[in-house]
Structures are given as C-alpha cells and as structure tokens.
Amino acid sequence: MRDPVARMRVAISVTAILMATLPAVPASADGAPLHTFHCLFGCPVGAPSNDDLIVREIYTLSSNPITKLADWVAYRVTPDTIGPSQDRIWSADPWLATEETLKPSDYDGASAARNVDRGHQAPLAAFSGTPFWLETDVLSNITPQSSALNQGAWRKLEAQETALAKSANIGVYVLTGPLFDRVMAPLPAGPSLQRVPSGYWKVIATEDGRMTAFVFDQQTPANADYCAMRVTLQTVTIRSRLVLFPGPNTSAWRPLDAALSCDDPAPPEQPGEVIGTRSAP
C-alpha cells in the first residue's frame, strides 16, 4: 500500500524543466500546475487520480498502477533529438513502486505465445540523438504490442514523425496511449490484473495549429497503411476518455495529413465511432 501522500507522486527531472524553451503549459498534479515542454497546449486531462505523473528529459507520461501501462505519453521530436539506432536495454521504472510497473521478466514467453513485442510509446529512434535514449526502454514507456503492428504501420508512422521534424526543421508533438475496448489475452508471465491493450491512439500536432489523429487496433495487419487509420480528434477524446489539449487556442486545427504523407482524404470512420468535423486547411 502506498503512502497517501505519494498516491499521485510526481517524478520530475529538474533538467527537463530547465530545458523548456517554448511557452510552458500546465498539467495538473495533486492540484498544482506542472509545466512540461513535451505537451502542446497542455498535457492531457482525465486520467485516473491514482496515476503517477512522470516527467523525464524526453517524455512525460501518466502511469496507471492497475494496468501497469501509461494511460498517455507525450513527447516532442526535433531534428536534434533524432539519431542512429541503439540497442534495447529494458528496465523496470525506478521511479515507480515494484507493484505498480512491469519488469523485464514479465515479458518472458510473450513473443512466442502472443506474437507481441515490447512496443515503445515514445520511440527509441526519435531520441537516440540525445544522452537520454535509454529512458525510452524504461517499461512504463512500453506496452505489449502485436509484432505485426509494431513492425508495420506503427513503425512507419513513427518514421514520418522524425521525417517531418527533420524536413521542416520543427518540433513535432505527439500524444499516444492504449485502448482497452475488449479483453485481450494476458502476458503469459505477467502479474495479476495487468492488461494488454486492444489498440492504440496517437495524435500528432505542430505548434502552427496542424494536427492529425489515428487509432490502431492490435490486430492491424503488418502491411496496413497507417493513413487508413486516421480518425477525428473527437473520436480519440471519447475512446481514450481524455481531454488531450486542455489549453486555449485548440478549436481551429488544420489537418497535418499531407505532411505525414497522407495525401488522400481521410477514410470514413467505422460504425460506432463518433465522427467529428475536420477543419479546412
């Protein structure tokens, strides 16, 4: 049982705060504002009150002690953060209690039994140009993600994030997290109550007011086109149960589709999803 004072513990890196060069935006932690440059127009609001809000140099995340996964992860890719590939060195999150996070052995046998990878939320490639790339391998930033999705459409969209940051020489802001729309088979060696996501959402935005949102199912085929997974921000808001951009000036988004190599109109959303209105360019 955690100390009540630590019930909503906030792990904050002083370096991360000092690195902020863009206008700071508040998130809420124990009622106090938290400023992080990973979030554009404010960090997501609506995660469970017992989540642990963790700010590291290259991402901010809200870790759920029940699912032992992050309800959301926010990160900012720039040309300077991108670098060559690095090794994967998995580790439990040292800032979380043992019973609140997964450890490397919890993934034992998962690849063979479930065809899942350790899927990054804040991607390794986007931050291998920084001294902090090992933080992407901390398991609070990882989820059990199907190999087909992780190595297919998800990886291709991550590559578009880095390509946009480099080609336009801008910061690319990303919010992402899991969906639990249906019960999935658990990790064979995982702890009780830990859950495997049924899918994922991702929202990519730029400071000039462009944004595109995506939803991926865990069963997405390896050859799927990530552009076919586009949805409205309203859909992500309802399915994630989060207000993703709580700050001002977020009512007139323009599409980021073309900059992510999605030149065709967004496909119609599936029945049962809420379809909003996309802003005109």
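The structure we're discussing is the one just above.
Per chain, residues are indexed from 1 in the order of the written sequence. The model is predicted, so local features are restricted to residues of pLDDT at least 70 and side-chain atom pairs to those at 80 or more, both for listing and for counting; the totals for chains, interfaces and linings are taken over all residues. Where side-chain values are given, they derive from all heavy atoms of the structure, hydrogens and water being excluded.

**Observations regarding the packing of aromatic side chains**
Step number 1: Between 30 and 60 degrees the pair is tilted, below 30 it is stacked and above 60 it is edge-to-face, where a pair is any two Phe, Tyr or Trp rings, Trp via its six-membered ring, whose centres lie within 6.5 Å. All told, the structure shown has seven aromatic pairs when counted by the stated rule.
Step number 2: Following the ring pairs from residue to residue traces out a cluster consisting of Trp-154, Tyr-200, Phe-214, Phe-216 and Tyr-226.
Step number 3: By definition here, charges over rings are those cases where NZ of Lys or CZ of Arg is within 6 Å of the ring centre and within 35 degrees of the ring normal. Its guanidinium or amino end placed over the ring of Trp-95, Arg-56 lies 4.3 Å from that ring's centre, counting from NZ or CZ.
Step number 4: Between the NZ or CZ atom of Lys-202 and the centre of the ring of Trp-154, over which it lies, the distance is 4.2 Å.

**Points about the nonpolar core**
Step number 1: Each nonpolar core is a collection of buried residues, namely Ala, Val, Leu, Ile, Met, Phe, Trp, Tyr and Cys, held together in the definition by side-chain atoms within 4.5 Å. Working definition: with a 1.4 Å probe on protein chains only, accessible area under 20% of the residue-type maximum means buried, over 50% means exposed, and in between means partly exposed. Formed by 33 residues in total, the largest nonpolar core has its most connected members in Tyr-59, Tyr-75, Val-77, Ile-204, Phe-214, Phe-216 and Tyr-226.
Step number 2: Numbering of helices and strands starts at the N terminus; helices are DSSP runs of H or I of at least 4 residues and strands are runs of E of at least 2. The set of elements that each furnish at least two residues to this core consists of strand S6 (70–77), helix H4 (153–168), strand S9 (172–179), strand S10 (199–206) and strand S11 (210–217).
Step number 3: Grouped together as the second largest cluster of nonpolar side chains are 23 residues, Phe-41, Leu-179, Phe-245 and Trp-253 included.

**Quick word on the side chain of Asp-51**
Step number 1: Structurally, the position occupied by Asp-51 is in the loop between strand S3 (32–35) and strand S4 (52–55).
Step number 2: Of the polar contacts made by the side chain of Asp-51, one reaches the side chain of Ser-62; its length is 2.7 Å. Here a polar contact is taken to be a pair of N or O atoms separated by no more than 3.5 Å, where protein atoms must pair a possible hydrogen donor with a possible acceptor and residues adjacent in sequence count only if both atoms sit in side chains.

**Re the side chain of Asp-137**
Step number 1: Within the fold, Asp-137 resides in the loop between strand S7 (116–120) and strand S8 (142–146).
Step number 2: Of the side chains bearing the opposite charge, Arg-88 lies closest to the buried Asp-137, which forms no salt bridge; the N-O distance is 5.4 Å.
Step number 3: Whether two residues are in contact is decided by their heavy atoms, any of which lying within 4.5 Å being enough. Once residues within four sequence positions are removed from consideration, Asp-137 is found in contact with Asp-87, Arg-88, Ile-89, Trp-90, Ser-91, His-120 and Ile-142. Only four residue types enter the tally: Lys and Arg on the positive side, Asp and Glu on the negative side; His and the chain ends are excluded. Salt-bridge detection follows one rule: a side-chain nitrogen of Lys or Arg within 4 Å of a carboxyl oxygen of Asp or Glu.

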